[in-house]
Structure formats: C-alpha cells, structure tokens
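A look at the structure
Chain by chain, the residues:
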Amino acid sequence: MMKGNIAGLMKQAQQMQENMKRAQAELASMEVTGQAGNGLIQVTVSGKYELKRVQIADGAMEDREMLEDLMVVAYADAFKQVEAASEKLMSGATAGMPMPPGFKLPF
C-alpha cells in the first residue's frame, strides 16, 4: 500500500514538473503593458520582468518630474500584471499538489 502511494506521488510530481515547464514557457513569451497618466506613459514588460518598450505621449514631456513619477507608476502597473499572470499560471500548474502557504513559484 505504501509503495502505491509513493508511485502515485511520483507520477503527480512528474505531471506538475511538465505543467511548470509549460507555464514558464508561456510566461517567458508573454508581454503586458502597464500605463499611467491615462495612457501618457506606457511600458511593456515581458513575463520575465524585462522592460521591452516605453511609449511617452507628447504631453508628458513638458514636466520632467511628473514624467519620472509616471514612469515608475507605469512599470509598477506592468509588474503587478506579470505577478498576477504568474500566480494564475503557476497555481494551475501545481493543481492537486499541496504547497505550503506563501510558497511562490517559479523560485
């Protein structure tokens, strides 16, 4: 009986590993766009948190301090979107496997 439980657990772990690989690949190819100031600033970030593009509307160029603040807000917006997508994909990849509270994937 114990042997069957271990075999089942190993099979579950292999399935989770395959699901994790798929989720990580999907995250790596994903891009999200964060924005601030009603679209004055838009930043595009990959699923690996790499900054890909920055778009600045003409009206944002007039106030340097405001532009700097909006850049931070737009990046934070994109970062939150990647975090949410990552959490959703990883929770689907680990479905059925008990994880400790607060455990985050990928590492």
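Residues numbered from 1 in each chain as written. Predicted model: local features only at pLDDT ≥ 70, side-chain atom pairs only at ≥ 80, totals over all residues. Heavy atoms only, no water.

This next bit is on the side chain of S46. Mapped onto the elements of the fold, S46 is located in strand β2 (residues 41-46). The exposure class assigned to S46 is buried, which follows from its relative accessible area of 3%. Here S46 is in contact with M30, E31, K52 and V82, once residues within four sequence places are set aside. (Helix = DSSP H or I, 4+ residues; strand = E, 2+ residues; numbered from the N terminus. Buried < 20%, exposed > 50% of the residue type's maximum accessible area, 1.4 Å probe, protein only. Contact = heavy atoms within 4.5 Å.)

Take the packing of aromatic side chains next. All chains considered together, the criterion is met by two aromatic pairs. When the centroid spacing of 6.3 Å and the interplanar angle of 45° are considered together, the rings of Y75 and F79 count as tilted. With Y75 and F79 both in helix α2 (residues 64-93) and four residues apart, the pair spans about one turn of that helix. Take Y75: its relative accessible area is 29%, and that puts it in the partly exposed class. Classification of F79 by relative accessible area gives partly exposed; the value is 34%. (Phe/Tyr/Trp six-rings, centres within 6.5 Å; stacked < 30°, edge-to-face > 60°.)

For the rest of this paragraph, the subject is the pairing of β2. Counting buried residues along β2, five of its six residues qualify, which places the element largely inside the surrounding structure. Taken together, the six bridges between strand β1 (residues 31-36) and β2 define a ladder with antiparallel strand orientation. Bridge assignment links V32 to a residue of β2, and that residue is V45. Linkage of β1 to β2, two consecutive antiparallel strands, is achieved through a turn of four residues, within which G37 is found at a positive phi near 60°. Bridge count for β2 against strand β3 (residues 51-56) is five bridges, and the pairing is antiparallel. Paired with Q42 across the bridge in β3 is Q55. Between the end of β2 and the start of β3, which pair antiparallel, lie four residues, with Y49 showing a positive phi angle near 65°. (Pairing = 2+ DSSP bridges.)

The next subject is a negative patch on the surface. On the surface, D58, E62, D63, E65 and D69 cluster together to form a negatively charged patch. If you trace the backbone, D58 turns up in the loop between β3 and α2. Taking the relative accessible area as the measure of exposure, D58 reaches 70% and is therefore exposed. (Patch = residues over 30% accessible without salt bridge, like charges linked within 9 Å, V, L, I, M, F, W, Y side chains within 5 Å. Areas by Shrake-Rupley, 256 points an atom, 1.4 Å probe, with all protein chains shown as cover. Salt bridge = Lys/Arg side-chain N within 4 Å of Asp/Glu carboxyl O. Lys, Arg positive; Asp, Glu negative; His and termini not counted. Charge placed at Lys NZ, Arg CZ, Asp CG, Glu CD.)

A word on unusual backbone geometry. Look at N38: it is not a glycine, yet its phi comes out positive at around 50°. The residue N38 is located in the loop between β1 and β2 in this model. With a relative accessible area of 84%, N38 lands in the exposed category. For Y49, which is not glycine, the phi torsion reads 65° and is therefore positive. On the secondary structure map, Y49 appears in the loop between β2 and β3. Here Y49 falls in the partly exposed class, since its relative accessible area comes to 28%.

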